[in-house]
Amino acid sequence: MNGGPGAVIGGARKASASRDGRAASAGECGASHSSNVAAETGESGERDYDRIMVDFARSPRSTLGVEWELALLDSRSLDLTPAAETLLADVAEHAPEYEKHIVGEMLTNTIELVTGVHKQVSTVAEDLATSIGALRKLTEARGVELMSAGTHPFAQWQSQEVRAKDRYLELVDRTQWWGRNMLIFGVHVHVGVDSRDKVLPIVNALLAYVPHLQALSASSPFWGGTDTGYASNRAMMFQQLPTAGLPFQFDQWADYEKYVDDMLTTGIIDNINEIRWDIRPAPHWGTVEVRVCDGLPTLEEILAVTAFIQCLVDDMSERLDAGETLPTMPDWFHNENKWRAARYGMDAIIIENAAADERLVTECLADEIERLSPVAERLGCVDELHSITSIIERGVPYQRLQKVFGTTGSLTEVTRSLIGDLRSSYS
């Protein structure tokens, strides 16, 4: 990935009220935006520019970055605890070298681990293990436990605090009940793309793998003390936000730029990062960002999913270089696949292609592991990719959580199992 800055907007719009009722500041569509977008016209002043241009910071092919959201728990009650600000202050004082790797999120019950840029999954593992080890020293001194899953099994959304950051407060103010209900945790994987022309074909083709990733990572059958009947309730929750869910399929980069321009012009977003698709271009970093996965309880599962995503993107990039057109499917198939995987997890029968062929997701995963093995050899992640097989054999996260609940009848014990999973997954 490329950590350098992208382009900046070269013009400013006049202050106005946005169509959805939010007040727009003088700089709302001007230089206060993130450095991902630029004005097409070179003229200065307050004249409206013609169209937003989105600059893509090309990255070395298939480089990696991972973001892992962790829940902060009171060590006695195992309920969520608003300890993020205290822990971030501890990081600044006692472990300042981790300030870019241990960061806050929207809620004060969440800490996010952010890796550097890596070529191989094995060094992602070292990065995350080092960061979580540093964080663990601080949490233990504060009586705080850590866990990762798509949702906390019994915590109540009404009790959670939003961090006092403008972008979070505005999101909640705009989305109201749904925004306050975003008591969810995820894993985001960035993969570098070496040409802007490859980005949208890769995003479109990756949509076919949403059900694979959703089923494999599903870890949120319980929400607010309720058995939802879904393998991933997080998937259903997160898509309620206005710009979340599955991405639109664009054929040309100019069409994507037009979409971004429309979103800014109408006040739907103030920043390109507010496009919260399950799979999205990350222009500032020069990556495709896959945001499908629930929070994963173990480092092994993080690495398995990361290897799968890296292999998929690298394979697609290679095929594009060879002049191949990547396959796509209609949006209605993708919508159905996401729902099936969220509802049924590893028992989902998914739609594989535009011809509407269907198969069990576990069969599709097994075939993909075999197909991608030569790619994994080239990238140095064979062990991580093939660990998907053993993860499936012993039960993916939601299956393990359901088993604990079936045995104990206690969501506290379900939560305790998540704490134990995380503790035992790294050294």
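Just so we're clear, the structure is a prediction, and the values are computed from it rather than from any experiment.

Peer 1: Any chance you could explain the packing of helix α11 (residues 361-379) against helix α12 (residues 382-394) here in plain terms?
Peer 2: Each pair of packed helices gets described by two things: the angle between the helix axes and the distance between those axes. Running from N to C, α11 and α12 cross one another at 165 degrees; their axes reach a closest spacing of 8 Å. The angle between α11 and α12 falls in the class roughly antiparallel. Here α11 and α12 pass one another in a crossing that is left-handed. When α11 is examined against α12, the residues L365, I369, L372, S373, A376 and E377 are found in contact with a partner set consisting of V382, L385, H386, I388, T389 and I392. Class assignment of the residues belonging to the contact of α11 with α12 gives a composition of eight nonpolar, three polar and one charged.

Peer 1: Please clarify how unusual backbone geometry should be interpreted in this entry.
Peer 2: Excluding glycine, a negative phi dihedral is what most residues carry, and trans is how most peptide bonds are arranged. The phi angle at S62 is positive, at roughly 65 degrees, despite the residue not being glycine. Looking at where S62 falls in the secondary structure, it is placed in the loop between β2 (52-54) and β3 (64-74). Despite not being glycine, L78 shows a phi value in the positive range, around 65 degrees. Among the residues examined, L78 registers a relative accessible area of 3% and is labelled buried.

Peer 1: What is the right way to read empty space enclosed by the protein from this model?
Peer 2: The full count for this structure, using the stated rule, is two cavities of 30 Å³ or more. Taken as a whole, the second largest cavity spans an internal volume of roughly 40 Å³. Here the element with the most residues in the lining of the second largest cavity is helix α7 (residues 233-238); it accounts for three residues. In the lining of the second largest cavity, the residues fall into three nonpolar, one polar and four charged.

Conventions used here
Residues numbered from 1 in each chain as written. Predicted model: local features only at pLDDT ≥ 70, side-chain atom pairs only at ≥ 80, totals over all residues. Heavy atoms only, no water. Axes fitted to C-alpha atoms, helices over the stretch in contact; angles between N-to-C directions. Helix = DSSP H or I, 4+ residues; strand = E, 2+ residues; numbered from the N terminus. Parallel < 35°, antiparallel > 145°, perpendicular 65-115°, else oblique. Left-handed = near helix turned anticlockwise from the far one by under 90°. Contact = heavy atoms within 4.5 Å. Nonpolar A, V, L, I, M, F, W, Y, C, P; charged D, E, K, R; others polar. Buried < 20%, exposed > 50% of the residue type's maximum accessible area, 1.4 Å probe, protein only. 1 Å grid on protein atoms, 1.4 Å probe; cavity = no way out; pocket = protein on both sides within 12 Å on 5 of 7 lines; lining within 4 Å. Points joined across faces, edges and corners; volume = space filled by probe spheres on them.

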